[in-house]
Amino acid sequence: MRSAAAAFALAWRAGPAVVAAYVTVSVVAGLLPTAAALLVSSLLDRLTTPGGGSLTPVALLLVAATLGTQLTTPASEFLRGESTRALRVRVQGEMLDGVNRLPGMRHFEDPAFQDRLRLAQQAAGNAPDLLVGSVVSGLQAAVLLAGFLITVFVINPVLGAVTVLLAVPALRTQLAAGRRRAEVLRDTMGNSRREMFYGSLLSDTDTLKEVRLFNLQRYFTDRAAAELRTVVRAERGTDLRNLRERVPDLLLGAAVFGAGLLWAVRAAGRGELTVGDLSVFVTATAGIQRGVAQLASTTATAYQAALTFTYFRTLRDVPPDLELAERPRPVPALAGRLELRDVWFRYSPGSPWILRGVDLSLGAGEVTALVGVNGTGKSTLVKLLCRLYEPTRGRILWDGADLRDFDPAELRERVAAVFQDYGRYDLTAGENIGIGRVGDAGREDLVAEAAAAAGVHPRLSRLGQGYGTLLSRIFASAGAAGAAVGELLSGGEWQRVAVARAFMRRDADLMILDEPSSGLDAAAEQEIHDSLRTLRAEATVLVISHRLSTVRDADRIVVLGEGRITESGTHDELIALDGTYARLFRLQSAGYAAPEGAGGTPGDGGRTAPERKDVAGAEAVAEPEGPPDMKSGAEPVGVPEPVTTPEPVAVPEPATVPGRAEGHPHR
Ligand SMILES: Nc1ncnc2c1ncn2[C@@H]1O[C@H](COP(=O)(O)OP(=O)(O)OP(=O)(O)O)[C@@H](O)[C@H]1O
């Protein structure tokens, strides 16, 4: 009921005039059949009764009622379409606002939330329209029923009462059917999502190469089919049950209709009913049957739509995934330090700790390099710095102010980042860069400057339509000659575009480059680092890299291991310390010294051929004792393993941070 009211309120806000007209036309359409039946009855009585009165006015009224019935149907269809269109625009806006309202990432990486989101999206697509449409049709059916019931009551109160009583179980059956259909939708949402996922793998350009190479077409097709079969089985079971439960109602209704008809014919034979009464009675009892069926089915649809609509409504009730300050402080330019104090983090209660008491201080204007083997939590730490997640415990201080006291969007305005899994947008080359600072997205000079700093300007200028070229094979934009336009970049070129996007924020206080080198050759990487310093010398920079040549010149190198900072210092200091960093460094030196044709070096174990060439070729020339690739070289020779995931009980508990109600690790 609340959902129906909410859907109506939504429809009303979307287009009050249309909804009012739709309801009015539907009510009139509901009244017209009764009016027509009564007019036919009156006409018959006048015809069969001597001196029964003038026929023409009644006939004219009957013509008007018939015309009205014919006109209300298309009018009501058009108005329903209009209200649907108005609703669609409104609901889409509310849906996207509901998603954008969540400032972090936690909900979006939770599969249960994803199921809910899909249900909400599905509900947003059709539930409000279904709900409004079925409620209005229900209203029309109720008006029609009321008219016919009154008529039958007048002629035979007993039959009228029996008909009403029979309508009750029929409605109940249909309500149960609607509820079951909504439940099936909810229970099979996971299967539907997986079905779509397996299906998309067969055509997604990111996966297509491997799907073809490994002959995975049948494998994924079978999986998609299995998921769909589960959904279909559940739907069929529900529909069969609904059908079984409906049959007795239908039989009972038909029996009452037959009995009523027999009684009416006999009563007319005895002269107790006029021919007009008989005609209106037959029309009314048949109309009641139709009306009950229509009311029951619209009620079922409305109920089902109302249940799915709750998913859309509850999306707005999802609590924000970040602790939002009531009165956020303005974010000042970073003048002193960005500090992590005893930061603990895990992705969800009960899952392993990723960070276990990280203390780290990034001095304003300094370049800090963060290194560590796979899975130690480097990218996770970046997410915390961008406030995409909140530390489970501990604090991150921006010149002494807790990040939680800031508005996340305002904080992010001061941060530029290239993520490891940066986005490749099916937009133009210019937009792909410009959206780094969306307000300046149309400034061609700034876009070209950022592209030049990232070393991709010459390449983008050479594209068919320069910066206006669509970087997509999924979407095609019609060119001047009507031809589809769309070009693709190489992996390294895409990476430069991502760096250029970050460079659009040339005034950012914090620049984060998470593995900026993975797709770049060594010279390009050096170029980007030089550009970064030229572009914004005073920025605080955090670089994460497995290619240690990138970090050698950093003001400070920090090693993350086992969820904590295990070493910190300059390159020379860490070499002198002779710890993990020094070991890795020596390891790579040995790797570079390995004889050619030895089937790879300890330092290039996991690299693809072109990358191996970069490291072993270009870097080796530039830097004879070239540093190792921590990603690949570290693991085979006793370098700390990626963060293991001990049972929660084995994890030392973090100290309580006074004054903060953070999620408790036990929870
Ligand atoms: N969204 C997530 N939900 C749950 N666990 C996650 C999520 N993202 C990362 N993890 C886990 O957190 C751990 C640290 O991941 P993270 O990406 O931070 O490591 P990393 O040090 O950046 O690794 P790499 O060097 O491979 O990039 C991994 O074990 C990973 O499985």
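Computed from a prediction, not measured in an experiment: that's the story for all the values here. (Residues numbered from 1 in each chain as written. Predicted model: local features only at pLDDT ≥ 70, side-chain atom pairs only at ≥ 80, totals over all residues. Heavy atoms only, no water.)

Undergrad: Even after reading the chapter, I still don't get the environment of Thr 151, so can you show me in this structure?
TA: Tracing the sequence through the fold places Thr 151 in helix α4 (residues 111-155). The spatial distance from the C-alpha of Thr 151 to the C-alpha of Ala 37 is 9.5 Å, given a sequence separation of 114 residues. Excluding residues that lie within four positions of it along the chain, Thr 151 makes contacts with Thr 34, Leu 38, Val 280 and Ala 284. (Helix = DSSP H or I, 4+ residues; strand = E, 2+ residues; numbered from the N terminus. Contact = heavy atoms within 4.5 Å.)

Undergrad: Even after reading the chapter, I still don't get the pairing of strand β11 (residues 556-561), so can you show me in this structure?
TA: Along any regular strand the residues' side chains alternate between the sheet's two faces. Buried residues dominate β11, accounting for 6 of its 6 residues. Side chains Arg 556, Val 558 and Leu 560 of β11 all project onto a buried face; the interleaved residues Ile 557, Val 559 and Gly 561 project onto the opposite face, where all are buried too. Where strand β3 (residues 367-371) lies against β11, 4 bridges are found, and the strand directions are parallel. Counted as the bridge partner of Thr 368 is Arg 556 from β11. By the bridge criterion, 5 bridges tie β11 to strand β12 (residues 564-569) in an arrangement that is antiparallel. Within the sheet, the bridge partner assigned to Val 559 lies in β12 and is Glu 567. Connecting β11 to the next strand, β12, in antiparallel fashion are 2 residues, including Glu 562 with a positive phi near 55°. (Buried < 20%, exposed > 50% of the residue type's maximum accessible area, 1.4 Å probe, protein only. Pairing = 2+ DSSP bridges.)

Undergrad: Before we go on, may I ask you to explain the packing of α4 against helix α6 (residues 189-201) in this structure?
TA: Geometrically, a packed helix pair is captured by the angle between its two axes and the distance between the axes. Relative orientation of the contacting elements α4 and α6 amounts to 90°, with a least axis distance of 10 Å. When the axes of α4 and α6 are compared, the pair comes out roughly perpendicular. Facing α4, whose interface residues are Pro 111, Gln 114, Asp 115, Arg 118, Leu 119 and Gln 122, α6 presents Met 189, Gly 190, Arg 193 and Met 196. (Axes fitted to C-alpha atoms, helices over the stretch in contact; angles between N-to-C directions. Parallel < 35°, antiparallel > 145°, perpendicular 65-115°, else oblique.)

Undergrad: Would you explain the environment of Leu 131 in this entry?
TA: Along the polypeptide, Leu 131 turns up in helix α4. The class of Leu 131 is buried, set by a relative accessible area of 1%. Remark: the alpha-carbon pair of Leu 131 and Thr 299, spanning 168 residues in sequence, is separated by 9.3 Å.

Undergrad: Looking at this model, I keep getting lost on the sheet that holds strand β9 (residues 510-514). Mind explaining?
TA: The strands making up a sheet associate through hydrogen bonds between their backbones, and the pairing can be parallel or antiparallel. Pairing is mixed in the open sheet, where 6 strands are placed in the order β6-β9-β10-β3-β11-β12. Two strands close off the open sheet at either side, each with one partner strand: β6 (415-418) and β12. Neighbour-to-neighbour, the strand axes of the sheet open up by a mean angle of 15°, direction not taken into account. Seen against the sheet, helix α10 (residues 378-385) touches β3, β9, β10 (540-544) and β11 and runs at an angle of roughly 150° to β10.

Undergrad: Looking at this structure, how should I read α10?
TA: At 3.6 residues per turn, the α-helix brings residues three or four places apart onto the same side. Taken across its 8 residues, α10 has 7 buried, putting it largely inside the fold. Lys 378, Thr 380, Leu 381, Val 382, Lys 383, Leu 384 and Leu 385 are the residues of α10 that are buried.

Undergrad: I keep staring at the site of the ligand and nothing clicks. Help me out?
TA: Of all residues adjacent to the ligand, which total 15 residues, the nearest are Glu 109, Lys 378, Ser 379, Thr 380 and Gln 420. Between an oxygen atom of the ligand and a side-chain N or O atom of Asn 374, the distance comes to 2.9 Å. Separating an oxygen atom of the ligand from a side-chain N or O atom of Thr 380 is a distance of 2.5 Å. Protein coverage of the free-state accessible area of the ligand, which is 640 Å², stands at 65%. Looking at side-chain class alone, the shell around the ligand contains 3 nonpolar, 8 polar and 4 charged residues. (Near = heavy atom within 4 Å. Polar contact = N/O pair within 3.5 Å; in protein donor to acceptor, adjacent residues only side chain to side chain. Areas by Shrake-Rupley, 256 points an atom, 1.4 Å probe, with all protein chains shown as cover. Nonpolar A, V, L, I, M, F, W, Y, C, P; charged D, E, K, R; others polar.)

Undergrad: Help me understand the nonpolar core in this model?
TA: A general trend in soluble globular proteins is that nonpolar side chains are found buried together. Ile 433, Leu 460, Phe 503, Ile 557 and Tyr 581 are the most contacted members of the largest nonpolar core, which has 48 residues in total. Ranked by residues supplied to this core, first place goes to helix α15 (residues 491-503) with 7 residues. (Core = buried A, V, L, I, M, F, W, Y, C linked by side-chain atoms within 4.5 Å.)

Undergrad: Where do I start with the pairing of β3 in this structure?
TA: Among the 5 residues that make up β3, 5 are buried, leaving the element largely enclosed by the rest of the structure. Neither face of β3 is exposed, since Val 367, Ala 369 and Val 371 on one face and Thr 368 and Leu 370 on the opposite face are all buried. Sheet topology places β3 next to β10; 4 bridges connect them, and they run parallel. Residue pairing in the sheet places Val 367 in a bridge with Val 541 of β10.

Undergrad: Help me out: how do you make sense of the UniProt feature "transmembrane region" (unreviewed entry) in the protein chain in this one?
TA: According to UniProt, the feature "transmembrane region" (unreviewed entry) maps to residues 141-171 and 250-269 in the numbering used here. Between the end C-alpha atoms of residues 250-269 the distance is 29 Å, and the span holds 100% helix and 0% strand. (UniProt positions renumbered as here; feature names shortened; annotations may be inferred.)

Undergrad: What is the right way to look at the packing of aromatic side chains in this model?
TA: The geometry of an aromatic ring pair is captured by the separation of the ring centres together with the interplanar angle, meaning the angle of the planes. Applying the stated rule across the entire model yields 8 aromatic pairs. Relative to Phe 220, the ring of Tyr 219 has its centre 5.4 Å away and its plane inclined at 65°; by these criteria the two rings are edge-to-face. Here Phe 220 falls in the buried class, since its relative accessible area comes to 13%. Connected via pairs of aromatic rings, a cluster forms that spans Phe 197, Tyr 198, Tyr 219 and Phe 220. (Phe/Tyr/Trp six-rings, centres within 6.5 Å; stacked < 30°, edge-to-face > 60°.)

Undergrad: In this structure, what is going on with the pattern of salt bridges? I would like to understand it.
TA: Charged atoms that come close allow side chains of opposite charge to pair. Here the structure, examined in full by the defined rule, presents 22 salt bridges. Its salt-bridge partner being Asp 402, residue Arg 404 comes within 3.4 Å of it at the nearest N-O pair. One exposure class covers both Arg 404 and Asp 402, and it is buried. Note that Arg 437 and Asp 507 form a salt bridge whose closest N and O atoms lie 2.6 Å from each other. With a gap of 70 residues between them, Arg 437 in the loop between α12 (429-434) and α13 (444-453) and Asp 507 in the loop between α15 and β9 connect regions that are remote in the sequence. Judged by relative accessible area, Arg 437 falls into the buried class, the value being 16%. Here Asp 507 falls in the partly exposed class, since its relative accessible area comes to 45%. (Salt bridge = Lys/Arg side-chain N within 4 Å of Asp/Glu carboxyl O.)

Undergrad: Mind showing me how you'd approach unusual backbone geometry here?
TA: Glycine aside, residues mostly have negative phi angles, and peptide bonds mostly take the trans form. The residue Asn 215 is not glycine, and still its phi comes out positive at about 55°. Within the secondary structure, Asn 215 is located in the loop between α7 (208-213) and α8 (217-269). Given the relative accessible area of 58%, Asn 215 is considered exposed. For Asp 399, which is not glycine, the phi dihedral falls at a positive 50°. Mapping Asp 399 onto the fold places it in the loop between β4 (393-398) and β5 (401-402).

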